[in-house]
Amino acid sequence: MKTEKDFLEYLKTIENIAKEEGFEYLDETYKAHLRARYFGENVVIGRSERVLLREMKMSDLEAFYSFSNAGDEPVLQAFLKETYAESEKNLKAYIENMYPMYDYGIWVVESIDDGEVIGLCGLGQAEVKGEFCTDLGYYICPKWRKRGFAYESIEIVLDYVKNYLEFPCIYAIIKEENRISKGILRKFGFEYKGLCEKSDGNVSVYRKDFTEDNKEQQ
């Protein structure tokens, strides 16, 4: 059984690695996340009155497969492979590498009322006109749509980006015909940046600049 002493030794190792990479100290939020991961506890990113966002667990995979349109959604397709065994291997690698390295990723959207997994929302990496950027991705399963859960989930993500990650901007890349997502993005201050050609059709590119938000608060 892991003990607090074990964790402190582990934390010391991580801090030494961070110093070698040029970081003088680890943020308290990051250390709290490290601790939760070390002891197998939920890493909660944020919550609203109705939903919370947390890091994915291996047990979430069954819920992903239960979504009626699992094979058609880009955010889910990143985790569902040809076989269940391949999906397990892929998810395990994501959990063990993405979250500890970047302290962000795609997170589970969970209903606070009953703990049911109702979707995904978070940050990934995408290529926009030859350059890699951080982009917003989200998915709410069909039976939970049209209730404002996507809006609440995105709001949590944007707060995390602005107040913790402190990125100057993020992108959102959506299908050209997705009018609902376009409306949601505009409400959050994303600006349309044009079309981008993909192998499976054109996508609309949006960007949210957080530096402008910071100026308005000063």
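Since the model is a prediction, treat every value here as computed from it, not as a measurement.

Novice: Any chance you could explain the nonpolar core here in plain terms?
Specialist: Among soluble globular proteins, nonpolar side chains are generally buried collectively. Counting 61 residues, the largest nonpolar core has Met-56, Phe-64, Trp-107, Leu-120, Leu-136 and Phe-190 as the members making the most contacts within it. Considering each element in turn, this core owes the most residues, 10 residues, to helix H6 (residues 149-165). Not counting residues within four places of it along the chain, the set of residues in contact with Phe-190 comprises Leu-136, Leu-158, Ile-170, Tyr-171, Ala-172, Leu-185, Tyr-206, Arg-207 and Lys-208. Core analysis: the second largest hydrophobic core is formed by six residues, Cys-133, Tyr-171, Cys-196 and Val-203 among them.

Novice: Help me understand the environment of Val-161 in this model?
Specialist: With respect to the helices, strands and loops of the structure, Val-161 is situated in helix H6. Sequence separation between Val-161 and Gly-122 is 39 residues, and the spatial gap between their C-alpha atoms is 9.9 Å. Apart from residues lying up to four places away in sequence, Val-161 is in contact with Leu-123, Glu-166, Phe-167, Ile-170 and Phe-210.

Novice: Would you mind showing me how to read the side chain of Asp-60 here?
Specialist: Note on placement: Asp-60 falls in the loop between strand S2 (51-54) and helix H3 (61-66). With a relative accessible area of 3%, Asp-60 lands in the buried category. Looking at Asp-60, its side chain comes within polar contact range of the main-chain nitrogen of Lys-57, at 2.7 Å. If we skip the residues at most four places from it in the chain, Asp-60 touches Arg-54, Glu-55, Val-108 and Val-117.

Novice: I would appreciate a short explanation of helix H7 (residues 179-187) in the present structure.
Specialist: Given 3.6 residues per turn, any residue in an α-helix points the same way as the ones three and four places further on. What H7 keeps buried is the set Ser-181, Lys-182, Ile-184 and Leu-185. For H7, the angular spread of buried residues about the axis comes to 165°, placing them on one side. For H7, the exposed residues set more than 90 degrees away from the buried face come down to Arg-179, Ile-180, Arg-186 and Lys-187. Where H7 is buried, its residues meet strand S5 (131-140), H6, strand S6 (169-175) and strand S8 (201-209). Gly-189 sits one or two positions beyond H7 and adopts a positive phi of about 85°.

Novice: What's the story with the pairing of strand S1 (residues 44-47) in this structure? I'm lost.
Specialist: Regular strands have side chains that alternate between both faces of the sheet. Taken together, the three bridges between S1 and S2 define a ladder with antiparallel strand orientation. Bridging from a neighbouring strand, Gly-46 pairs with Leu-53 of S2.

Novice: Help me understand the sheet that holds S1 in this model?
Specialist: What holds strands together in a sheet is hydrogen bonding between their backbones, with the strands either parallel or antiparallel. Pairing is mixed across the open sheet formed by eight strands, whose spatial order is S1-S2-S3-S4-S5-S6-S8-S7. Of all strands in the sheet, those bounded by a partner on one side alone are S1 and strand S7 (191-198). Across the sheet, the axes of successive neighbouring strands diverge by a mean angle of 30°, strand direction being ignored. Contacts between H7 and the sheet are confined to S5, S6 and S8, with S6 contributing the most and set at about 165° to the helix.

Novice: Whenever I open this one, the side chain of Asp-135 confuses me. Can you help?
Specialist: Looking at the secondary structure, you find Asp-135 in strand S5. Using a relative accessible area of 13% as the deciding quantity, one classes Asp-135 as buried. Here Asp-135 is in contact with Gly-122, Leu-123, Gly-124, Gln-125, Ala-126, Tyr-171 and Ile-173, once residues within four sequence places are set aside.

Novice: Explanation requested: helix H1 (residues 4-20) in the structure shown.
Specialist: Relative to the 24 Å expected for 17 residues at 1.5 Å per residue, H1 spans 24 Å between its end C-alpha atoms, a close match to the ideal helical length. If you check which residues of H1 are buried, you get Phe-7, Leu-11, Ile-14 and Ala-18. Buried residues of H1 fall within an arc of 65° about the axis and therefore sit on the same side. Projecting away from the buried face of H1 at angles above 90 degrees are the exposed residues Lys-5, Lys-19 and Glu-20.

Novice: Looking at this model, I keep getting lost on the pattern of salt bridges. Mind explaining?
Specialist: Where charged atoms from two side chains of opposite charge come close, those side chains can pair. Summed over the entire model, instances satisfying the criterion amount to 10 salt bridges. Taking the shortest distance from any N to any O, the salt bridge between Lys-193 and Glu-191 comes out at 3.6 Å. Classification of Glu-191 by relative accessible area gives partly exposed; the value is 49%. When salt bridges that share partners are traced, they join Arg-37, Glu-55 and Asp-103 into one network.

Calculation notes
Residues numbered from 1 in each chain as written. Predicted model: local features only at pLDDT ≥ 70, side-chain atom pairs only at ≥ 80, totals over all residues. Heavy atoms only, no water. Core = buried A, V, L, I, M, F, W, Y, C linked by side-chain atoms within 4.5 Å. Buried < 20%, exposed > 50% of the residue type's maximum accessible area, 1.4 Å probe, protein only. Helix = DSSP H or I, 4+ residues; strand = E, 2+ residues; numbered from the N terminus. Contact = heavy atoms within 4.5 Å. Polar contact = N/O pair within 3.5 Å; in protein donor to acceptor, adjacent residues only side chain to side chain. Arc of directions from axis to C-beta. Pairing = 2+ DSSP bridges. Axes fitted to C-alpha atoms, helices over the stretch in contact; angles between N-to-C directions. Expected span 1.5 Å × (residues − 1). Salt bridge = Lys/Arg side-chain N within 4 Å of Asp/Glu carboxyl O.

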